[in-house]
Amino acid sequence: MTAQQTSAEQRLSPAVSLTRIRHVYGAKETTVTALNDVSWDFTPGTFTAVMGPSGSGKTTLLQCAAGLLEPTAGSVLLGDHRLNGMSEKKLATIRRDMVGFVFQAFNLMPALTAAENIALPLRLARRAPDQTWMDELTRRAGIADRLSHRPHELSGGQQQRVAICRALITKPRVLCADEPTGALDKASSKAVLSVLRDAVNDLGQTVIMVTHDPVAAAHADQVLFLVDGSIVDVMETPTPERVSATMTRLAGED
Ligand code: ADP
Ligand code: MG
């Protein structure tokens, strides 16, 4: 197979593939079925939002897709890697090399500067720092002039943009974000969402974002709607109004 064929196949095969995922928390009489028979292929270079009422299984779905949680049943393919039954050591390596995470609470290291936070995943993986990539990411995120600051010297929106750069520094196959704008005001949210959108448009990044905000979801290419652990609706080219209308309708059907 030529290199060209390989990269064409990479573009065509899903970045992440979930097949008949089921996840049950707890044991015996206290079990909760968080996901029930969920299947989805995340197309490379696209931005997918995951919405649904509180407790509908959004975080569980994201964690299964990211290899943070092994589902009770069903299979997860991350690129060419089947995650089911993988040893924790192998899984940790795959996560480190192939997945970027962004959390609502930023989770930056308080004692490190922004630049040190961003470079940390490469240091942990004993990979060489890539100054050109660091420069490009931080310029795109609009934090190039904040790199010597520590997290407490940055606004929430700036901290989240540092967290996104940290997640992208390893060039992951997929960026998983769980309510990345949940702790931010409107203007900061907008800046963070533009950085995610640009990563998809300009860098070909695959992004999966959990959110409960219709305005945030409207930045995605498509929206998956979860209710009680199942995908009940999918919307292409969402707008805030259509996303809100679907959420209202789904809440009414409960
Ligand atoms: P969402 O992110 O949509 O709010 P979650 O995926 O966090 O939903 O949770 C789905 C369901 O699983 C909820 O009923 C929640 O209470 C339950 N759940 C989540 N995490 C755990 C856990 N660690 N132990 C037990 N139940 C859990
Ligand atoms: Mg959640």
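Since the model is a prediction, treat every value here as computed from it, not as a measurement.

Each value, and the rule that gives it
Chains are numbered independently. Their residues run from 1 in the order of the written sequence. As they are written, the chains are lettered A onward and the ligands numbered 1 onward, keeping that order. Only residues with pLDDT of at least 70 get local features here, since the model is predicted, and only at 80 or more are side-chain atom pairs given and counted; chain-wide, interface and lining totals rely on the full set of residues. Excluding hydrogens and water, the side-chain figures rest on all heavy atoms present in the structure. A pair of strands is considered paired only if DSSP assigns at least 2 bridges between the two. Numbered from the N terminus, helices here are DSSP runs of H or I no shorter than four residues, and strands are runs of E no shorter than two. The classification of residues rests on relative accessible area computed with a 1.4 Å probe and restricted to protein chains. Under 20% of the type maximum is buried, over 50% is exposed, and intermediate values are partly exposed. Two N or O atoms form a polar contact when they lie within 3.5 Å of each other; inside protein one atom must be a possible hydrogen donor and the other a possible acceptor, and for residues adjacent in sequence the pair counts only when both atoms belong to side chains. Contact criterion: two residues are considered in contact whenever any of their non-hydrogen atoms come within 4.5 Å of each other.

J.: Talk me through the pairing of strand β4 (residues 73-78); I want residue IDs and the actual numbers.
T.: Relative to β4, strand β1 (residues 16-25) runs antiparallel, the two sharing five bridges. Among the inter-strand pairings, S17 is bridged to a residue of β4, identified as L77. As paired elements, β4 and strand β5 (residues 81-82) share two bridges and run antiparallel to each other. Looking across to β5, one finds that L78 is bridged to H81. Between the antiparallel neighbours β4 and β5 lie two residues, among them G79 with a positive phi of about 60 degrees.

J.: Explain the side chain of S17 to me, and be specific about the residues and the numbers.
T.: Note on placement: S17 falls in strand β1. By relative accessible area, S17 is classed as buried at 9%. At 2.6 Å, the side chain of S17 forms a polar contact with the side chain of D41. With sequence-adjacent residues up to four places away left out, S17 is seen in contact with W40, D41, S75, V76 and L77.

Geometric descriptors of this kind do not, in isolation, establish any biological role.
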